[in-house]
Amino acid sequence: MRNTRAIALLSSLFATLSAFAQPAPQPPSQPCPEIRDVLVTNGKIHTLNTTNTVVDSVRIVGDRFAEVGTNRLGTSRCTRMIDLEGRTVVPGLIDNHNHIVLLGLRPGHDTRLESAASIDDVLNTLRTKAATLPNGEWLTSIGGFDINQFVPPPGAPRFPTLAELDSATPNHPVFLQLSFAGPSVTNTLGKQFFEQAGIEIGADGSIAGGFQTPNPTTRALHELRQRQTLADQKRGTQDAMRYAASLGLTTHLDEGGFPATGTAADGAAHMDRYRGYDALLALYAESALTNRIRLNFLHMETDVATPELAARLANVFPRFGDDLLKIVGIGEFTAGASPIIGEATEVWRAGTRRVAEAGWRNENHSLTPADFKVIIDEWERLNAALPAPGIRQQRWVVAHAPFITQEYVDKLKALGGGVSVLGGWRYISGTAQQNGPPFKLLADSGIPIGMSSDGMQISPMNPWIGLYYVVTGKNARGEVINAGQTLERDAALRLYTAANGWFLKEESLLGTIEPGKYADLAVLSADYFDAGAVPDEAIKSVRSVLTLVGGQIVHRDPDAL
Ligand SMILES: [Zn+2]
């Protein structure tokens, strides 16, 4: 009792002495208010503000950064301290184009293999995950990796075999699926299950797949999906956010999925475009979202009257939502398929016009040397036909754009547009011909550009793999495929942070560590900015040891901090 009083007296004395630098302290007898008040100190905190200021401390009050500085910042007796022990901090990373909703809907316990660099890595990752689950639970990894990364050159890329999978996970059925629709592989328990459902499985666990569906892989996927509950989808969505936070990602712009048929023809990227958001909305209602999620609605109907898109635009409030969940726009398809063969279809034109007239943000992806020209030329025509300011203030975005040219960058810039670029896709499967995007050309042009993963079907979510590709231009086979278009590390990271606020129309709230912005940050496992401490090859291995979203800890590595 006496001790308590002595401490109270001392802290009251301390509060009086330091009142100069502090907000008015409360009498010690009063409980601390519920509002968050955290001092993060003793770090190398890269604010990514316009002058690239590095500070050692930030104070968070509520869900915002209150003070950012190099001197000892103010505290009260209610301030909690986080000592960074000299670690490097960056703003929470923003992925401006991915498919985290689809990732959350994967059947089984999704086990990301994005960072595996050998068959042993794959087996160890599965073994570690299996140890956390009751026997018999499904371990799955659907999309986001390529077998290119599993076997270092000169070995030939391959999946692990059934025998190898059995050696790592004898008590859990396993299903590893490449890309949208396979091929895939399973272990003995998985083989028994799929064979009972009449699906053909190779003696080595291989399951045929490819673009033509239904195929054995999509039939296997369908079997697993049919057993999934809403509770499973909620758990999967939480796992997806947890994985993101472990990489330092705090915000995602989700780009939807292909309209599901509910049959074995559906691949990894198909989802029910109405009920596919149930798990996300349930978690939101329970205040259980640990990442910020922004939504684009994907439309690809073939009716030229675009009744679904018309209904969406008529009935959904644009930009509705709050700091955790918010609607952004239409994309990455507007209507029909985007002009993938270099021709604008009538339904795509009609849909594009509808989005412009409704004043929404629109996003289309570009994959080929021809499609971005069709998209941007049509946007230009449409803009000229609309009353001023046309689409100029709607921030329309071309995504991926591996082959975009200076001429079309300039045209898009004049339309007030931006380009979302990615690295991980080219890293896992790019070649000397399938390379790009031209990071340097885009950065030099002055058009808004920001990074995304386009995870998690054809591309990993892991932003450090994307950054490795931006900085080195190297693919998973160690070949330099994007020479002349690489960026320095700080410019590359800026594309995943400060530059991405623009893509969400939230540049005043997200992307940098500045007073008034959301207190989202990642404490890194190593100093990404120091090429001595983190050689190029080690960029891929950077992780977050502590991630905050709105000042709240959403990931912590207890071994590190
Ligand atoms: Zn996408």
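For the structure itself, look to the data block above.
Residues numbered from 1 in each chain as written. Predicted model: local features only at pLDDT ≥ 70, side-chain atom pairs only at ≥ 80, totals over all residues. Heavy atoms only, no water.

A. Local environment of the overall build of the chain. Across its full length, the chain carries 17 helices and 25 strands. Taking 561 residues into account, the globule formula puts the C-alpha radius of gyration at 24 Å, and the chain, at 25 Å, falls close to it. For the chain, the C-alpha atoms occupy an extent of roughly 75 × 65 × 45 Å along the three principal directions. Going through the 561 residues of the chain one by one, you find that 56% of them count as buried. Considering only intrachain contacts with a sequence separation of at least 6, the fraction spanning at least 24 residues in the chain is 73%. Of the accessible surface of the chain, which amounts to about 22300 Å², a share of 55% is contributed by carbon and sulfur atoms. Separation of charge centres in the chain, based on 50 positive and 59 negative side chains, amounts to 5 Å. (Helix = DSSP H or I, 4+ residues; strand = E, 2+ residues; numbered from the N terminus. Rg over C-alpha atoms; globule rule 2.2 N^0.38 Å. Buried < 20%, exposed > 50% of the residue type's maximum accessible area, 1.4 Å probe, protein only. Contact = heavy atoms within 4.5 Å. Areas by Shrake-Rupley, 256 points an atom, 1.4 Å probe, with all protein chains shown as cover. Lys, Arg positive; Asp, Glu negative; His and termini not counted. Charge placed at Lys NZ, Arg CZ, Asp CG, Glu CD.)

B. Summary view of the sheet that holds strand 14 (residues 249-254). The strand order across the open sheet formed by 8 strands is 8-14-17-18-19-20-21-22, and the pairing between neighbours is parallel. In this open sheet, the two strands that pair with only one neighbour each are strand 8 (93-98) and strand 22 (449-452). The sheet shows a mean angle of 30° between the axes of neighbouring strands, taken without regard to direction. Both strand 8 and strand 14 contribute to a ladder of 4 bridges, which runs parallel. Within the sheet, the bridge partner assigned to Asn 98 lies in strand 14 and is Asp 254. (Pairing = 2+ DSSP bridges. Axes fitted to C-alpha atoms, helices over the stretch in contact; angles between N-to-C directions.)

C. Layout of the pattern of salt bridges. Taken as a whole and judged by the stated rule, the model has 30 salt bridges. Ionic pairing is found between Asp 63 and Arg 64, a salt bridge with its closest N-O pair at 3.3 Å. For Arg 64, a relative accessible area of 31% translates into the label partly exposed. Residues Glu 357 and Arg 353 are paired through a salt bridge, measuring 2.9 Å at the closest nitrogen-oxygen approach. Here Arg 353 and Glu 357 lie together in helix 10 (residues 346-358), a separation of 4 residues that amounts to about one turn. Taking relative accessible area as the criterion, Glu 357 reaches 52% and is therefore assigned exposed. Among the charged side chains, a salt-bridge network with shared partners connects Asp 37, Arg 59 and Glu 67. (Salt bridge = Lys/Arg side-chain N within 4 Å of Asp/Glu carboxyl O.)

D. Molecular detail of the state of the cysteines. Using the criterion set out here, one finds 1 disulfide in the structure. Note that Cys 32 is cross-linked by a disulfide to Cys 78, the S-S spacing being 2.1 Å. Of note, the bridge from Cys 32 to Cys 78 carries an S-S torsion of about -90° and is left-handed in sense. Here the residue Cys 32 occupies a position in the loop between helix 1 (2-17) and strand 1 (37-41), and Cys 78 occupies one in the loop between strand 5 (64-69) and strand 6 (80-83), the gap between them amounting to 46 residues. (Disulfide = S-S within 2.5 Å.)

E. Inspection of the coordination of the zinc ion at higher detail. Protein-derived ligands of the zinc ion are His 97 (NE2), His 99 (NE2), Glu 332 (OE) and Asp 454 (OD), with the metal-ligand distances lying across 2.0 to 2.3 Å. Taken together, the 4 donor atoms surrounding the zinc ion define angles of 85 to 172° at the centre, an arrangement classified as irregular. Counting gaps between the donor residues of the zinc ion yields the pattern H-x1-H-x232-E-x121-D. Here the residue His 99 occupies a position in the loop between strand 8 and helix 2 (100-104), and Glu 332 occupies one in the loop between strand 18 (325-330) and helix 10, the gap between them amounting to 233 residues. According to the relative accessible area criterion, His 99 is buried, its value standing at 5%. Of the residues examined, Glu 332 reaches a relative accessible area of 5% and is grouped as buried. (Donors = N, O, S within 2.8 Å, 3.2 Å for Na, K, Ca; no water. Tetrahedral: all angles 85-135°; square planar, octahedral: opposite > 155°, others 65-115°.)

F. Local environment of the environment of Leu 295. Relative to the helices and strands, Leu 295 resides in strand 17 (residues 292-297). Setting aside anything within four residues of it in sequence, one finds Leu 295 in contact with Val 101, Leu 253, Asp 254, Tyr 277, Leu 280, Leu 325, Lys 326, Ile 327, Val 328 and Gly 329.

G. Region of interest: the pairing of strand 4 (residues 57-61). With 4 of its 5 residues buried, strand 4 lies for the most part within the structure. As paired strands, strand 1 and strand 4 are joined by 4 bridges and run antiparallel to one another. The partner of Leu 39 across the bridge, within strand 4, is Arg 59. Linkage of strand 4 to strand 5, two consecutive antiparallel strands, is achieved through a turn of 2 residues, within which Gly 62 is found at a positive phi near 70°.

H. Inspection of helix 9 (residues 307-315) at higher detail. The complete set of buried residues in helix 9 reads Leu 309, Arg 312 and Leu 313. Buried residues in helix 9, looked at end-on, bunch into an arc of 90°, giving them a common side. Exposed residues lying more than 90 degrees from the buried face of helix 9 are Ala 314 and Asn 315. Close packing links the buried residues of helix 9 with strand 17, strand 18 and helix 10. (Arc of directions from axis to C-beta.)

I. Up close: unusual backbone geometry. Note the cis peptide between Gly 182 and Pro 183, where omega equals 15°. The omega angle of the peptide bond from Gly 455 to Met 456 is 15°, so this bond is cis rather than trans. Structurally, the position occupied by Met 456 is in the loop between strand 22 and helix 15 (463-472). Within the chain, Leu 48 stands out as a residue other than glycine whose phi angle is a positive 60°.

J. Focus on the sheet that holds strand 6. The strand order across the open sheet formed by 4 strands is 5-4-1-6, and the pairing between neighbours is mixed. Two strands bound the open sheet, and with one partner strand each, they are strand 5 and strand 6. Neighbour to neighbour, the strand axes of the sheet diverge by 20° on average, direction disregarded. Here strand 1 runs beside strand 6; their pairing, made up of 4 bridges, is parallel. Paired with Val 38 across the bridge in strand 6 is Arg 80.

K. Region of interest: the side chain of Gln 485. With respect to the helices and strands, Gln 485 occurs in the loop between helix 15 and helix 16 (489-496). Engagement of the side chain of Gln 485 in a polar contact is seen with the backbone nitrogen of Phe 439, the distance being 3.5 Å. Gln 485 has contacts with Pro 437, Pro 438, Phe 439, Lys 440 and Leu 441, leaving out every residue within four places of it along the chain. (Polar contact = N/O pair within 3.5 Å; in protein donor to acceptor, adjacent residues only side chain to side chain.)

L. Just the packing of helix 9 against helix 10, in detail. Relative orientation of the contacting elements helix 9 and helix 10 amounts to 10°, with a least axis distance of 10 Å. Judged by the inter-axis angle, helix 9 sits roughly parallel to helix 10. Between helix 9, through Leu 309, Ala 310 and Leu 313, and helix 10, the contact on the second element is made entirely by Gly 351, Arg 354, Val 355 and Ala 358. Of the residues contributing to the contact of helix 9 with helix 10, the split by class is 5 nonpolar, 1 polar and 1 charged. (Parallel < 35°, antiparallel > 145°, perpendicular 65-115°, else oblique. Nonpolar A, V, L, I, M, F, W, Y, C, P; charged D, E, K, R; others polar.)

M. Broad picture of the nonpolar core. Ranked by internal contacts, the top residues of the largest apolar core, which has 83 residues, are Trp 379, Ile 404, Val 419, Met 461, Trp 464 and Tyr 528. It is helix 15 that provides the largest number of residues to this core, a total of 7 residues. Excluding anything up to four places from it in sequence, Tyr 528 contacts Trp 464, Leu 467, Val 471, Arg 489, Ala 492, Leu 493, Val 534 and Ile 539. The next biggest cluster of nonpolar side chains, apart from the first, holds 20 residues, and it includes Ile 147, Val 151, Ala 168 and Val 174. (Core = buried A, V, L, I, M, F, W, Y, C linked by side-chain atoms within 4.5 Å.)

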